Amino acid sequence: MRLRKTGLIVLTLLGTMVVACSNTSGDAIKPTDAGSNDSSVEAKGPLRVSITLMGGPKTPDSWVEKALEEDLSNHLGRKVDMENIFLPGWSDFQTKLNLMMGDRKSMPHILWHSGMEKEYNNWIKADVLVDLVPYLQQYGQNITNYYTEDTLFYSWEDGHMFRLPGDVAELGSMTTMLRKDWLDNLNLSTPTTLDQYVEVLRAFTHSDPDQNGKKDTFGFVGDHDWRAFAPFFYAYGVDVEQFIVQEDGTVKFGATMPQVKEILKLLQDLYAEGVIDPRMVTPNVSAGDLFAEGKVGALYYWVSFLNEGHPKQMSFKEINPNGQYIALEPMTGPNGFSADVPSDGKGWSFVSVTSAAEEPDAVVQVLNRMASKETNTLLKFGKEGEHYKLDNGVFVNLISEDEGKQLGLDNYTWIITRKDEANIKNTPEVIQLYERRVQTSQPMRDKIVFFKSSNRTQWDEYSADLMKLRDETFYGIIAGNLDISTFDSFVERFYKQGGKQVEEEANLLYGTQREEREQFSAWYKEHIEPFK
Amino acid sequence: MTSHAKSLSSSRWKHVKRDRYLYLLLLPGLLTIFLFKYVPMYGIIIAFKEYNILLGVFESPWVGFKQFERLFRTPDFITIFRNTFLISLYKLIFGFPAPIILALLLNELRNGFFKRFTQSVLYLPHFLSWVIFTGIIVAFLNPVDGLVNYILLALDMKPINFMIIPDYFRTLLVSTHIYKEMGWGTIIYLAAMSGVNPDLYEAARVDGANKFKQMWHVTIPSIRSVIYILLILDLGGILEAGFMQVFLLYNPLVYEVADIIDTYVYRVGIQSANYSLATAAGLFKSVIALVLIYTANKIVQKSGNNGLW
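Residues numbered from 1 in each chain as written. Chains lettered and ligands numbered in written order. Predicted model: local features only at pLDDT ≥ 70, side-chain atom pairs only at ≥ 80, totals over all residues.

Visitor: Help me understand the overall build of chain B, please; the structure alone is not making it clear to me.
Guide: Along chain B, the regular secondary structure elements total 17 helices and zero strands. Computed over C-alpha atoms, the radius of gyration of chain B comes to 25 Å, more than 25% over the 19 Å expected from 2.2 N^0.38 for 309 residues, which places it beyond the range of a compact globule. Residues classed as buried in chain B amount to 26% of the 309 residues present. Contacts spanning at least 24 positions in sequence make up 66% of the contacts within chain B whose residues lie at least 6 apart. (Helix = DSSP H or I, 4+ residues; strand = E, 2+ residues; numbered from the N terminus. Rg over C-alpha atoms; globule rule 2.2 N^0.38 Å. Buried ≥ 20, exposed ≤ 12 C-beta atoms within 10 Å, placed from the backbone. Contact = placed C-beta atoms within 7 Å.)

Visitor: Any chance you could explain helix α20 (residues 486-527) of chain A here in plain terms?
Guide: Working note: α-helix, 3.6 residues per turn, so residues spaced by three or four point in the same direction. All names here are of chain A. Under the 1.5 Å per step criterion, the end-to-end length of α20 is only 52 Å for 42 residues, more than 12% shorter than the ideal 62 Å. By the burial criterion, the buried members of α20 are Phe487, Phe490, Phe494, Gly499, Val502, Glu503, Glu505, Ala506, Leu509 and Phe520. If you follow the buried residues of α20, they end up packed against α7 (149-153), β7 (243-245), β8 (251-253), α11 (259-273), β14 (448-449) and α19 (457-478). (Expected span 1.5 Å × (residues − 1).)

Visitor: Sorry if this is basic, but what is going on with the interface of chain A and chain B here?
Guide: A common way to state how big an interface is: give the accessible area lost once the parts meet. Taken together, the contact between chain A and chain B spans 25 residues of the former and 24 residues of the latter. Elements with a minimum of two residues in the side of chain A that touches chain B: α1 (2-21), α4 (117-125) and α19 of chain A. In terms of residue count, α19(A) provides more of the side of chain A that touches chain B than any other element does, eight residues in total. Considered class by class, the residues forming the side of chain A that touches chain B number 10 nonpolar, seven polar and eight charged. (Nonpolar A, V, L, I, M, F, W, Y, C, P; charged D, E, K, R; others polar.)

Visitor: Sorry, what's going on with helix α5 (residues 77-95) of chain B here?
Guide: Residue and element names in this part refer to chain B. Here α5 is 19 residues long and its end C-alpha atoms lie 26 Å apart, about the 27 Å a rise of 1.5 Å per residue gives. Listed in full, the buried residues belonging to α5 are Ile80, Asn83, Thr84, Ile87, Ser88, Lys91 and Gly95. Relative to the axis of α5, the buried residues are bounded by an arc of 115° and lie together on one face. Among the exposed residues of α5, those oriented more than 90 degrees off its buried face are Ile78 and Ile93. (Arc of directions from axis to C-beta.)

Visitor: Looking at this model, I keep getting lost on the sheet that holds β14(A). Mind explaining?
Guide: Strands belonging to one sheet form pairs held by backbone hydrogen bonds; the direction of such a pair is parallel or antiparallel. Residue and element names in this part refer to chain A. Pairing is antiparallel in the open sheet, where three strands are placed in the order β8-β7-β14. If you trace the sheet from one side to the other, it starts and ends with β8 and β14, each paired once. One ladder, built from three bridges, connects β7 with β8; its direction is antiparallel. Among the inter-strand pairings, valine 245 is bridged to a residue of β8, identified as valine 251. This element, α20, spans β7, β8 and β14 of the sheet and lies at about 145° to β8. (Pairing = 2+ DSSP bridges. Axes fitted to C-alpha atoms, helices over the stretch in contact; angles between N-to-C directions.)

Visitor: I would appreciate a short explanation of the environment of Asn111(B) in the present structure.
Guide: All names here are of chain B. Its place among the elements puts asparagine 111 in the loop between α6 (97-107) and α7 (112-123). For asparagine 111, a count of 9 C-beta atoms within 10 Å gives the class exposed. Residues asparagine 111 and proline 97, 14 residues apart in the sequence, show an inter-C-alpha distance of 24 Å.

Visitor: Whenever I open this one, the domain arrangement of chain A confuses me. Can you help?
Guide: One can read the domain layout of chain A as domain 1 (44-170 + 348-407) and domain 2 (174-341 + 462-510). Computed from C-alpha coordinates alone, the two centres of domain 1 of chain A and domain 2 of chain A are separated by 36 Å. (Domains from an automatic or database assignment.)

Visitor: Sorry if this is basic, but what is going on with the confidence of the model for chain B here?
Guide: For any part of a model where pLDDT is low, the fine detail of the predicted coordinates should not be relied upon. Residues and elements named next belong to chain B. With 96% of its residues at a pLDDT of at least 70, chain B reaches an overall mean of 89. Element-level pLDDT for chain B is lowest in helix α1 (residues 3-18), with a mean of 78, against a maximum mean of 94 in α6. For this predicted complex, the interface confidence comes out at an ipTM of 0.78, alongside a pTM of 0.79. (pLDDT = per-residue confidence, 0-100.)

Visitor: It is not clear to me how the nonpolar core should be interpreted in this structure. Could you clarify?
Guide: Considering soluble globular proteins, one finds that nonpolar side chains tend to be buried as a cluster. Residue and element names in this part refer to chain A. Counting residues in each nonpolar core, the largest one holds 122 residues, and the members touching the most others are Leu299, Tyr301 and Ile478. For isoleucine 478, the contacting residues outside a window of four places in its chain are Leu264, Leu267, Gln268, Tyr271 and Val281. Counting residues in each nonpolar core, the second largest holds 61 residues, with Met54, Phe86, Leu129 and Tyr139 among its members. (Core = buried A, V, L, I, M, F, W, Y, C linked by C-beta atoms within 7 Å.)

Visitor: Sorry, what's going on with the domain arrangement of chain B here?
Guide: Residues and elements named next belong to chain B. Taken domain by domain, chain B holds domain 1 (16-64) and domain 2 (73-302). Computed over C-alpha atoms only, the centres of domain 1 and domain 2 are separated by 30 Å. On the side of domain 2, five residues touch domain 1, which itself brings seven residues to the contact. Grouping the amino acids of the side of domain 1 that touches domain 2 by side-chain chemistry returns four nonpolar, one polar and two charged.

Visitor: What should I look at first to understand the packing of helix α2 (residues 63-76) of chain A against helix α14 (residues 360-370) of chain A in this one?
Guide: How two helices sit against one another is set out by the angle between their axes and by the gap between those axes. All names here are of chain A. Two elements in contact, α2 and α14, have axes whose closest approach is 10 Å; the angle formed by their N-to-C orientations is 120°. For the pair α2 and α14, the crossing hand works out as right-handed. Only Ala362, Gln365, Val366 and Arg369 of α14 make contact with α2, whose side of the interface consists of Asp71, Leu72, His75 and Leu76. The class makeup of the residues in the contact of α2 with α14 is four nonpolar, two polar and two charged. (Left-handed = near helix turned anticlockwise from the far one by under 90°.)

Visitor: Looking at this structure, I do not really get the confidence of the model for chain A. What am I missing?
Guide: The pLDDT averaged across chain A works out to 89; a share of 92% of its residues lies at or above 70. Counted against residues more than four places away or in other chains, residues 8-42 of chain A, with its pLDDT under 50, gives 29 contacts.

Visitor: What is the right way to read the sheet that holds strand β10 (residues 325-328) of chain A from this model?
Guide: Residue and element names in this part refer to chain A. Ordered by their spatial adjacency, four strands build an open sheet running β6-β9-β5-β10, and the pairing between neighbours is mixed. A single partner strand is all that each edge strand has here, and the edge strands are β6 (218-221) and β10. Here the average twist between neighbouring strands, direction ignored, is 25°. Most of the contacts of helix α9 (residues 194-206) go to β6, to which it runs at about 125°, and overall it touches β6 and β9 (296-302).

What follows is the structure, encoded as structure tokens:
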């Protein structure tokens, strides 16, 4: 009896541990029906689509899932059943995708992936991804009309396309911002050149622009990253994080260009004068919070912050009822150059259709419908009148954030998310501004090399150390810890510590990429344009 | 088997049989340690491989000591190693005696309520994560509107951006570490002090010893073995400079004095997905820790005290 009791306890303990160690989470992957007879779909029978999802609140059995199924069923003329597979957090999702893609039975029909270039190449070699070109030609007009030729180039594999961008940032999503009310208070005119801009920043720091009798304002702030300094670097045609095409056609890492020294000297002087907020040189700064607080005169920030409904803009208005941020055209440098920060247009996450999908054509139709303006808006914001309304073009939420999460709004984000007028949260002015920033960022887009190839062995080997060297030197100079002459030794050390190999590789890739781009252009004209 | 060995073995089994339920209670803990500490150890071999996530641990190609060479070849390796060692050493020199002193002081408190209240307040920082704790530190030291700079301004002094001055940074790390962990560290010493025979204090008082002499001649010698054991364990962690604390507080302006092996591994190993390099660095640290623990244990044993084993 005692033995049985002991045995029972041991078994219970072991059982508990085994259960605890096994994966029994609600989002466990169910094998797809690919290959099994009873699920073979008739031509117009129900369509089951499994999809991996990373963004949004990850609400299971949500309203948005039913709304999407209804929308797809109506559009495709057959019943569509979406099977959502919610991926775990950012640290684990790649492991989960690798496990799922290891066996055809556990592959999703639509695979969302990000930062997995090596694995992506292996999937192509293993023949588990569907070439989307013929299906895009037949059913993918929403997709091919939305994405530009430049964007699709980065998903092109020698005449095939095994992925589509899931989310691409607006081509120009940042702008120079300035306090219009402070300009008026100080009777200053809007700056257009870097010199004028610097004078305005100085006045914002020293001349009590908020007229409260205290010296409690800063001229300039931004997040702790280099694009925050774009008004300075871009006026000289330099980006310290990118490879820049030189006049002789070669490619050079921006941080080593001689103009950088001059800009760093200017930034060092401004920091010493108290024009630059000292919090900017440490990573603990949140420019969004300082934007809302309203003690800073200028920053280079996201266009979306100018939306009236943006939480930070609303906070700013609450604290500073008479305050107003305006967007400026990029500052012109000493040589007449000006530009805004361009995004690479490549996309940071992608969607692929796997060979587990029995009807890839129908799956592409699903993606194409999701890429339509109506469905994109439905999935992100819900139904007009019920979940939101448009008040003279301004988006007004009719539900709380929590209610939105319960409905599962945004569950399907990053599955071809549109950034055009489908994003109805943007006011007409902001939409216009985005369009303008596409143009103003073009001069720098022409100079920067955005690499298509993920096979950059020298970069992988040396970049972490080189970026550390750049950051400690540049921030050290700006904060006055280092003398400006340190820049020269930085350039020397940069090339000694692997920069030479990195730049050689960059030049090689740039050459092959240019040829590939030309080939793609010809291919695009023949295989995509006529089918749009 | 000799009859003595037989009887020893059977007496052991007798103990096991008698205390079988206690052993059973121990089993889940042992299994957990085995499953989560020993089983994953096979992964150490990726330090000698060029690990490829698709090929897995066993199929990835062997590269011998290439990852270690890469680690030691890093241009800043000497700086990184020196920072790791110095930060840990300072934490050990200043941080190790702090809970002992605090425990000695707490041990002398006679008002029960005040003692318990003080202990609770002292334990509190330990339960805050470094993320929250660094948030508090940053807020206090903020160069624009932090409390410390308000005080400096009130005293007609210039505000100081403490976070970006290399001379202050290690002091900042060590002092905040002591502040956070000192209270929690007293627990084990207080437990050891509660076991000191009161007769010893009485005898010391009869001999005319004041409070300080009682501490010095009775309390400290009585808890000496605990101090040694904790010192040996702390020496094992000499290359654990505290990743979370450093990572959350450091910035490019103090890399020169703050970049440690763990932050380097994070940047190069984890962010650049070079898991083999990260494992090699971890193994390198573990080997040094093992050597230090072993040596310290030997020294303690040679000096006539009980070591860890």
